[in-house]
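# Coordinate analysis (summary)
Residue strings, one per chain:
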Amino acid sequence: MSFSLDRIADDAGKFAILAMDQRGTLRRMLDKAGRPSADEDLSAFKVDVISALSPLASGVLTDVEYGVGPVRAAGALDQSAGLLISSERSPQPVWNGEQRTEYSGADRGPAFVSGNGGVALKFLVRWRPDRPVISGEPDLAQEALDAVSAVIADCREHGIPSVIEPLVTHLPTEDPFSAEQQKKMVIRSAELLAELGPDLLKLEWPGDEDGCLETSKVCGNVPWALLSAGVKYDQFVERVLTAMDAGACGYIAGRAFWGEAVTLLGEERRDFLRTTALERMTALNTAIEGHGPSWREVGGR
């Protein structure tokens, strides 16, 4: 059984979701830019972004650590945007330099999400889907699958949608993936996780048009949306249109819109968000009209 994604989709059943759940990543971005990065600085940044852009979003993804409370206190979330909440802790545990996937349904599950006003749960998985099983070592790929299975089961029981975000990683002993290796890993990751039956997959760029078509094929009746991964805005627009014409149902993106704002402070930052970032999101939402299926078409609803 799948749950309705309408509260995080637009009237056409497509996704135009603003991602503002970065925690460690956002702190590192602010540090690199030489800007303040204390907890209250992360919260202020999230409030500014969500205030400016949530009126254009079908949904807003943020976190409880720095986002939900300050955003609500500031009245920053537009009432038309459904709230997705990140369930995973940041940072996740590691083993010998590799990410482990840990899910705690008791205190970070769907009750935690709905109790904080969320209408969907997002869970991040950093994994190597074909990681070999080595005697005496934990099976990290199976750990990830087990965690995601538990997330999906808990969400079904609680009655809210599960949104799974896999990011593929290479082993610490390996060089970064080639473009072709990355493409294959993204598609395989999507295939394995789609088999578990999440309500929505938030996926990395599968390399090219053929990769997008193959991704839609392996996802079957599980809708997917493209994440931005920090690429420049113009490139992201091209990727979104390619992905949607190949079967994706929209996007879940942040840095492509607001990335440069980390270098700015105060009214200068808010002005950038109300102009450049707003114009980017407006233009992308216009560009995707008529592209891609509704999530209901994909999910058979």
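As a starting point, this report considers the structure included with it. What you see is a predicted model; the values in this text were computed from it and never measured. (Residues numbered from 1 in each chain as written. Predicted model: local features only at pLDDT ≥ 70, side-chain atom pairs only at ≥ 80, totals over all residues. Heavy atoms only, no water.)

## Here we look at the pairing of strand E10 (residues 250–253)
- Neither face of E10 is open: one carries Gly 250 and Ile 252, the other Tyr 251 and Ala 253, and all of them are buried.
- Relative to E10, strand E1 (residues 15–20) is paired through four bridges, and the arrangement is parallel. When the sheet's bridge partners are listed, Leu 18 is paired in E10 with Ala 253.
- Direction of pairing for strand E9 (residues 224–227) relative to E10: parallel, over a ladder of two bridges. What sits directly across from Leu 227, in E10, is Ile 252.
- Crossover connection from E9 via helix H9 (residues 233–245) to parallel E10: handedness right-handed. (Buried < 20%, exposed > 50% of the residue type's maximum accessible area, 1.4 Å probe, protein only. Helix = DSSP H or I, 4+ residues; strand = E, 2+ residues; numbered from the N terminus. Pairing = 2+ DSSP bridges. Right-handed = clockwise from strand over helix to strand, strands pointing away.)

## Overview of the layout of surface pockets
- Reported here for the largest pocket is a volume of approximately 680 Å³.
- As for the largest pocket, its lining consists of 33 residues, of which Thr 25, Leu 124, Arg 126, Glu 165 and Leu 167 are closest to the centre.
- At the level of secondary structure, the elements contributing two or more residues to the lining of the largest pocket comprise helix H1 (24–32), strand E6 (120–127), strand E7 (162–168) and E10.
- By residue number, the principal contributor to the lining of the largest pocket is E6, which donates four residues.
- The computed volume of the second largest pocket comes to approximately 290 Å³.
- Along the wall of the second largest pocket there are 13 residues; nearest its centre are Met 29, Gly 230, Lys 232, Gly 259 and Glu 260.
- Elements with a contribution of two residues or more to the lining of the second largest pocket: H1 and helix H10 (255–258).
- Partitioning the lining of the second largest pocket into residue classes produces six nonpolar, two polar and five charged. (1 Å grid on protein atoms, 1.4 Å probe; cavity = no way out; pocket = protein on both sides within 12 Å on 5 of 7 lines; lining within 4 Å. Points joined across faces, edges and corners; volume = space filled by probe spheres on them. Nonpolar A, V, L, I, M, F, W, Y, C, P; charged D, E, K, R; others polar.)

## Concerning the pattern of salt bridges
- Tallied over the entire structure, the rule returns 23 salt bridges.
- Where Lys 122 meets Glu 165, a salt bridge forms, and the shortest distance between an N and an O atom there is 3.0 Å. Taken together, the residues span a long stretch of sequence, with Lys 122 in strand E6 and Glu 165 in strand E7 at a distance of 43 residues. Judged on exposure class, the residue Lys 122 and its partner Glu 165 are both buried.
- Residue Arg 131 is joined to Glu 137 by a salt bridge in which the shortest nitrogen-to-oxygen separation is 2.9 Å.
- Exposure remark for Arg 131: the relative accessible area of 7% places this residue in the buried category.
- For Glu 137, a relative accessible area of 28% gives the class partly exposed.
- Overlapping salt bridges, with partners in common, bring together Asp 21, Arg 23, Glu 65, Glu 88, Arg 108, Lys 122, Glu 165 and Lys 202 in one network. (Salt bridge = Lys/Arg side-chain N within 4 Å of Asp/Glu carboxyl O.)

## Side note on the side chain of Gln 22
- Position of Gln 22 relative to the elements: it lies in the loop between E1 and H1.
- In contact with Gln 22, not counting residues within four places along its chain, are Lys 46, Asp 63 and Trp 258. (Contact = heavy atoms within 4.5 Å.)

## Side note on the packing of helix H7 (residues 179–194) against helix H8 (residues 209–219)
- Following both chains from N to C, one finds H7 and H8 inclined at 15 degrees, their axes separated by 8 Å at the closest point. Considered as vectors, H7 and H8 are oriented roughly parallel to each other. Note that H7 runs across H8; the crossing there is right-handed. Listed contacts from H8 to Lys 183, Ile 187, Ala 190, Glu 191 and Ala 194 of H7 are Asp 210, Gly 211, Glu 214, Thr 215, Val 218 and Cys 219.
- Across the contact of H7 with H8, the residue classes break down as five nonpolar, two polar and four charged. (Axes fitted to C-alpha atoms, helices over the stretch in contact; angles between N-to-C directions. Parallel < 35°, antiparallel > 145°, perpendicular 65-115°, else oblique. Left-handed = near helix turned anticlockwise from the far one by under 90°.)

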